[in-house]
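# Architecture at a glance
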Amino acid sequence: MQMKKEMIFRNIAGDNVLVPGADATLDLNGLFVLTDTGAFIWNILPDVKDEDEILEKMLDEYEIDEETARNDISEFLGRLRGFGIIE
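These notes cover the structure that comes with them. Predicted model, so just to flag it, every value in this text is computed and none were measured.

### Things to note about the sheet that holds strand β2 (residues 15-20)
Taken in spatial order, the three strands line up as β1-β2-β3 in an open sheet, and their pairing is antiparallel. Looking at strand neighbours, the two that pair on one side only are β1 (7-12) and β3 (32-34), the edges of this open sheet. For this sheet, the mean inter-axis angle between neighbouring strands, taken without regard to orientation, is 30 degrees. One ladder, built from six bridges, connects β1 with β2; its direction is antiparallel. Bridged to Arg 10 within β2 is Val 17.

### Quick notes on the packing of helix α1 (residues 36-44) against helix α2 (residues 51-61)
Each packed pair of helices is defined by two parameters, the angle between the axes and the distance between the axes. Viewed as axis vectors pointing N to C, α1 and α2 meet at an angle of 130 degrees, and their least axial separation amounts to 11 Å. Between α1 and α2, the angle is such that the two are oblique. Along this stretch, α1 crosses α2, giving a crossing that reads as right-handed. In this structure, α1 contributes Thr 37, Phe 40, Ile 41 and Ile 44 to the contact, and α2 contributes Ile 54, Lys 57, Met 58 and Glu 61. Tallied by class, residues from the contact of α1 with α2 come to five nonpolar, one polar and two charged.

What counts and what doesn't
- Residues numbered from 1 in each chain as written.
- Predicted model: local features only at pLDDT ≥ 70, side-chain atom pairs only at ≥ 80, totals over all residues.
- Heavy atoms only, no water.
- Pairing = 2+ DSSP bridges.
- Helix = DSSP H or I, 4+ residues; strand = E, 2+ residues; numbered from the N terminus.
- Axes fitted to C-alpha atoms, helices over the stretch in contact; angles between N-to-C directions.
- Parallel < 35°, antiparallel > 145°, perpendicular 65-115°, else oblique.
- Left-handed = near helix turned anticlockwise from the far one by under 90°.
- Contact = heavy atoms within 4.5 Å.
- Nonpolar A, V, L, I, M, F, W, Y, C, P; charged D, E, K, R; others polar.

So this is what it looks like as structure tokens:
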């Protein structure tokens, strides 16, 4: 998937966070705290082409039903799109 803003992923004291990079600090204030599932999706984003591929990888990684996984993916990607982080 295509990234529009630089975000740096970090694990700080057990919390998964996204920190806006230099080009995003003016548009985005603060850190984004991710769940483990959100961190998993974030870390595979550069290697996948679409939501179906994310779904496939999530179903392989987690014991989750397809509908729940699809909803979680859609919600997470919708938030990233809303902040202009991905296309």
